[in-house]
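The chain contents come next:
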Amino acid sequence: MTLAAHSTPAAENKTAVVTGASTGIGEATVKALASSGWTVFAVARRADRIGALGAETGAVPFPADITNDDDVAALLAAVTEAGGADTLINIAGGARGADTIGNADTEDWEWMYQVNVLGTMKITRAFLPMLRGTGEGTVLNLTSTAGLSAYEGGGGYNAAKFAQHAMTNALRLEEVGNNIRVIEVAPGLVYTEEFALNRLGDKEAAAKVYAGVEKPLTAEDVADVVKYAVSLPHHINLDQIIVRPVAQAANHKLIRKQD
């Protein structure tokens, strides 16, 4: 039985905008929602990948960079013209580098802040009037356990995700009067094709992140949690969901089986 087996409202009139849709958790979330009858706008920079995703799932592909104001405005206009959306799922983000703060790469830190924090802010700011207008809007931000507990070599990603976590909490307080529910999903170790590779820039180094971990989370696992949270009756708000593999009791406590 999946989480979605919980009794939830019919999805045929539900519409979500999902960012970060070209890969990993974002792609899996588009598939999960579309297969449940949602109308989904799949948003990412890589037009070829979201085009293929749209052809596979029936989602509406929209190439956009969420850090670019013109792209965000164009996305808002397209969704408005199509009838609007009641759910915004902010999954776009990522990590670059694993340097200590003493050896920090400024460009890596700037990129992480732009994508995880400012990008989330820009698209949320743009869509809030639409979400308020629905009377039952939802914003779900995918953060990370890196935004709840710092670790060595994670300073830049920690800083960006701590900021996104704080922004999510502030948004919930600010928008409760508009009946907007604000959900945070904070995954631990998730095996995806690109996250560790993009962060470390090397296949061998990326493979070591997951070495010996019998069952890390998958993108589909997290997408199932996301779908469950946004599909619940609107009066139910899961403020924060921390989801880890059983092998990871904390950021610093990960069981690896030895060969």
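Analysis parameters
Residues numbered from 1 in each chain as written. Predicted model: local features only at pLDDT ≥ 70, side-chain atom pairs only at ≥ 80, totals over all residues. Heavy atoms only, no water. Pairing = 2+ DSSP bridges. Helix = DSSP H or I, 4+ residues; strand = E, 2+ residues; numbered from the N terminus. Right-handed = clockwise from strand over helix to strand, strands pointing away. Core = buried A, V, L, I, M, F, W, Y, C linked by side-chain atoms within 4.5 Å. Buried < 20%, exposed > 50% of the residue type's maximum accessible area, 1.4 Å probe, protein only. Contact = heavy atoms within 4.5 Å. Salt bridge = Lys/Arg side-chain N within 4 Å of Asp/Glu carboxyl O. 1 Å grid on protein atoms, 1.4 Å probe; cavity = no way out; pocket = protein on both sides within 12 Å on 5 of 7 lines; lining within 4 Å. Points joined across faces, edges and corners; volume = space filled by probe spheres on them. Axes fitted to C-alpha atoms, helices over the stretch in contact; angles between N-to-C directions. Parallel < 35°, antiparallel > 145°, perpendicular 65-115°, else oblique. Left-handed = near helix turned anticlockwise from the far one by under 90°. Nonpolar A, V, L, I, M, F, W, Y, C, P; charged D, E, K, R; others polar. Expected span 1.5 Å × (residues − 1). pLDDT = per-residue confidence, 0-100.

1. So, the pairing of strand E3 (residues 60–63)
In terms of strand pairing, strand E2 (residues 39–44) meets E3 through four bridges, oriented parallel. Directly across from alanine 44, in E3, lies its bridge partner proline 63. Of the crossover connections in this fold, the one passing from E2 over helix H2 (residues 47–57) to the parallel E3 is right-handed.

2. As for the nonpolar core
Ile89 and Val185 are the most contacted members of the largest nonpolar core, which has 33 residues in total. Among the elements that take part in this core, helix H8 (residues 219–231) stands out by supplying seven residues, more than any other. Setting aside chain neighbours within four positions, we find isoleucine 89 in contact with Ala16, Val17, Val18, Thr19, Thr29, Leu33, Leu140, Val226 and Val230. In terms of nonpolar packing, the next biggest core, distinct from the first, is built from 22 residues, Ile66, Leu75, Ala92 and Val139 among them.

3. Concerning the pattern of salt bridges
Where charged atoms from two side chains of opposite charge come close, those side chains can pair. On inspection of all chains with the given rule, the structure shows six salt bridges. In this structure, glutamate 27 and lysine 31 form a salt bridge, with 3.8 Å as the shortest nitrogen-oxygen distance. Of the two residues, glutamate 27 and lysine 31 are both situated in helix H1 (residues 24–35); the distance of four residues between them amounts to about one turn of the helix. Ionic pairing is found between aspartate 239 and arginine 172, a salt bridge with its closest N-O pair at 3.7 Å. In this pair, aspartate 239 sits in the loop between H8 and strand E9 (240–243) while arginine 172 sits in helix H5 (residues 155–175), placing the two residues 67 residues apart along the sequence. You can call aspartate 239 partly exposed: its relative accessible area is 36%. Look at arginine 172 and you get buried, because its relative accessible area is 16%. Here the residues in one salt-bridge network are Glu27, Lys31 and Glu56, joined through shared partners.

4. Quick look at empty space enclosed by the protein
Enumeration over the complete set of coordinates arrives at one cavity of 30 Å³ or more. Taken together, 14 residues line the largest cavity, and the ones lying closest to its centre are Arg96, Gly97, Asp99, Trp109 and Met112. For the lining of the largest cavity, the secondary structure elements donating two or more residues are helix H4 (106–134) and H5.

5. Notes on the environment of glutamine 114
Among the secondary structure elements, glutamine 114 is positioned in helix H4. C-alpha of glutamine 114 to C-alpha of isoleucine 66: the two residues are 48 residues apart in sequence and 9.3 Å apart in space. Once residues within four sequence positions are removed from consideration, glutamine 114 is found in contact with Thr67 and Gly119.

6. Concerning the packing of H4 against H5
Any two packed helices are characterised by the angle at which their axes cross and by the distance between the axes. Remark: H4 packs on H5, axes separated minimally by 8 Å, with the N-to-C direction vectors making an angle of 15°. By the angle between their directions, the pair H4 and H5 is classed as roughly parallel. Where H4 crosses over H5, the handedness of that crossing is right-handed. Contact residues: H4 offers Trp109, Met112, Tyr113, Asn116, Val117, Thr120, Met121, Thr124, Leu128 and Arg132, while H5 offers Gly155, Gly156, Tyr157, Ala159, Ala160, Lys161, Ala163, Gln164, Met167, Leu171 and Glu175. When its residues are assigned to classes, the contact of H4 with H5 shows 12 nonpolar, six polar and three charged.

7. Quick look at H1
With 12 residues, H1 ought to run about 16 Å at 1.5 Å a step, and its terminal C-alpha atoms sit 17 Å apart, in line with that. The element H1 is largely enclosed, with a buried count of 10 among its 12 residues. When H1 is considered as a whole, its buried residues turn out to be Gly24, Ile25, Gly26, Glu27, Ala28, Thr29, Val30, Ala32, Leu33 and Ala34. A positive phi of about 100° marks glycine 37, the residue just after H1.

8. With respect to unusual backbone geometry
Of note in this structure, asparagine 179 is not a glycine but carries a positive phi near 60°. Structurally, asparagine 179 can be placed in the loop between H5 and strand E6 (181–187).

9. Structural notes on the confidence of the model for the protein
Residues with a pLDDT of 70 or more make up 88% of the protein, whose mean pLDDT is 91. Considering only residues more than four positions removed or in separate chains, one finds that residues 4–8, a stretch of pLDDT under 50, has eight contacts.

10. Some remarks on the environment of leucine 88
Mapped onto the elements of the fold, leucine 88 is located in strand E4 (residues 87–90). The exposure class assigned to leucine 88 is buried, which follows from its relative accessible area of 1%. Residues leucine 88 and leucine 128, spaced 40 residues apart in sequence, show a C-alpha to C-alpha distance of 9.1 Å.

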